[in-house]
Amino acid sequence: MSAFVQALILMVFSATLLCFVRSAPQVPCYFVFGDSSMDNGNNNHLVTTAKANYPPYGIDFPDGTTGRFSNGRNTADVVAQLLGFENSIPPFATARREEIVRGVNYASGAAGIRDETAEHMGGRICMNRQLTNHAITILRLVNLIGNGSLATVRQHLNKCIYTVAMGNNDYINNYFYSKYYQTSILYTPEQYAKILIKQYSKQLSKLYKYGARKFGIPGAGYIGCTPAMMKRFNTNTCVDAVNGAIIQFNAKLVTALGDLESKLSGSKFIFIDPPRGYSSEDRRKSTRIIYYHQERDCWSGIEKGLNGNVFKYETRHLR
């Protein structure tokens, strides 16, 4: 198995990876597209409730609070490290001229495949806008390393790795939020998944046209077990209807990626399957103890796992 494939598969376990790679990068550049799981500061200056540039976010990160939606490193940071990069890939919002040669992170909290996803939260950079930002980066690279030649830049981009993590918000902050969106009224879960995959495929094809060849595509997570979704459905266990919709989306995504790889010459698409075992039945069979507490707009929880570890959750801006 190549180092490229190993690095992408390890994305699934990024929350527990502690290894440090201290060698020359295995690829010349790494580009990141996605939502809050990948965002490392692009939302900081937007007018939005989808922000993480304040404590306790970043309490375990060397640079403190940076806009990452985590206490420490996020998935993009871990993958960059596994690929051999000395530093994390910079966000598009603040990337300096010389930094973009090794990659750019375009991810934005609350971003979705659909443009209207999470618009009730304010500013966010949807997938289509992230593609526009990448086109801007390419034009900068033409002057920086291409000597005016777009073909030279595309040859550079052919060697890079692209991670694209989209789909979660199209369910959390669209389909399963009928207070603001009508998609669940207009479409069945099956129809909605087809619509999302059709648009997602077009977006990935555009990335290929720009020069991308090596793709790592994480599937949507089982968001029916998130505190925010359980609150929305007024339950203290996983929402199987939500996870069922995610399963349909991921199944169609696997098929679509195979189709893209067969149609787009020289491309390689790796699907990263999210962890399973998150149905309400799985919860009942386990000995996990879950405590949840609501205070104002914050929904927090503590879960004691089988191994004795305690996990804390906090979700804000639920209304």
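Residues numbered from 1 in each chain as written. Predicted model: local features only at pLDDT ≥ 70, side-chain atom pairs only at ≥ 80, totals over all residues. Heavy atoms only, no water.

Comment text from UniProt for the protein, heading Subcellular location (unreviewed entry), reads "Secreted". Listed in UniProt under the heading Sequence similarities (unreviewed entry), the comment for the protein reads: "Belongs to the 'GDSL' lipolytic enzyme family." (UniProt positions renumbered as here; feature names shortened; annotations may be inferred.)

Visitor: Looking at this structure, I do not really get the sheet that holds strand S3 (residues 214-218). What am I missing?
Guide: Strand pairing in a sheet relies on backbone hydrogen bonds. The paired strands run either parallel or antiparallel. Taken in spatial order, the four strands make up an open sheet running S1-S2-S3-S4, and their pairing is parallel. The open sheet is flanked by strand S1 (30-34) and strand S4 (268-272), the only strands paired with a single partner. The average angle at which neighbouring strand axes cross in this sheet is 15 degrees, direction not considered. Where strand S2 (residues 161-165) meets S3, three bridges bridge the pair, whose relative direction is parallel. (Pairing = 2+ DSSP bridges. Helix = DSSP H or I, 4+ residues; strand = E, 2+ residues; numbered from the N terminus. Axes fitted to C-alpha atoms, helices over the stretch in contact; angles between N-to-C directions.)

Visitor: Would you mind showing me how to read the packing of helix H7 (residues 189-210) against helix H9 (residues 240-263) here?
Guide: For any two helices packed against each other, one specifies the crossing angle of their axes together with the interaxial distance. Contact pair H7 / H9: the axes reach a minimum separation of 9 Å and the direction vectors enclose 35 degrees. The element H7 and its partner H9 pack so that their crossing is right-handed. Residues Pro189, Glu190, Ala193, Lys194, Leu196, Ile197, Tyr200, Ser201, Leu204 and Ser205 of H7 lie in contact with H9, whose contacting residues are Ala245, Gln248, Phe249, Lys252, Leu253, Ala256, Leu257 and Leu260. Considering only residue class, the contact of H7 with H9 consists of twelve nonpolar, three polar and three charged. (Left-handed = near helix turned anticlockwise from the far one by under 90°. Contact = heavy atoms within 4.5 Å. Nonpolar A, V, L, I, M, F, W, Y, C, P; charged D, E, K, R; others polar.)

Visitor: Even after reading the chapter, I still don't get the pairing of S1, so can you show me in this structure?
Guide: A regular strand places its side chains on the two faces of the sheet in alternate fashion. In terms of residue burial, S1 counts as a mostly covered element, since five of its five residues are buried. Residues Tyr30, Val32 and Gly34 line one face of S1 and the alternating positions Phe31 and Phe33 line the opposite face, and both faces are buried. Across five bridges, S1 lies against S2 in parallel orientation. Each residue of the ladder has a partner; that of Tyr30, found in S2, is Ile161. (Buried < 20%, exposed > 50% of the residue type's maximum accessible area, 1.4 Å probe, protein only.)

Visitor: I would appreciate a short explanation of the side chain of Asn174 in the present structure.
Guide: Topologically, Asn174 is positioned in helix H5 (residues 168-175). What makes Asn174 buried here is its relative accessible area of 0%. Side chain to side chain, Asn174 and Thr117 meet in a polar contact 3.0 Å long. With near-sequence residues (within four places) excluded, Asn174 lies in contact with Arg114, Glu116, Thr117, Asn169, Tyr181, Thr183 and Tyr192. (Polar contact = N/O pair within 3.5 Å; in protein donor to acceptor, adjacent residues only side chain to side chain.)

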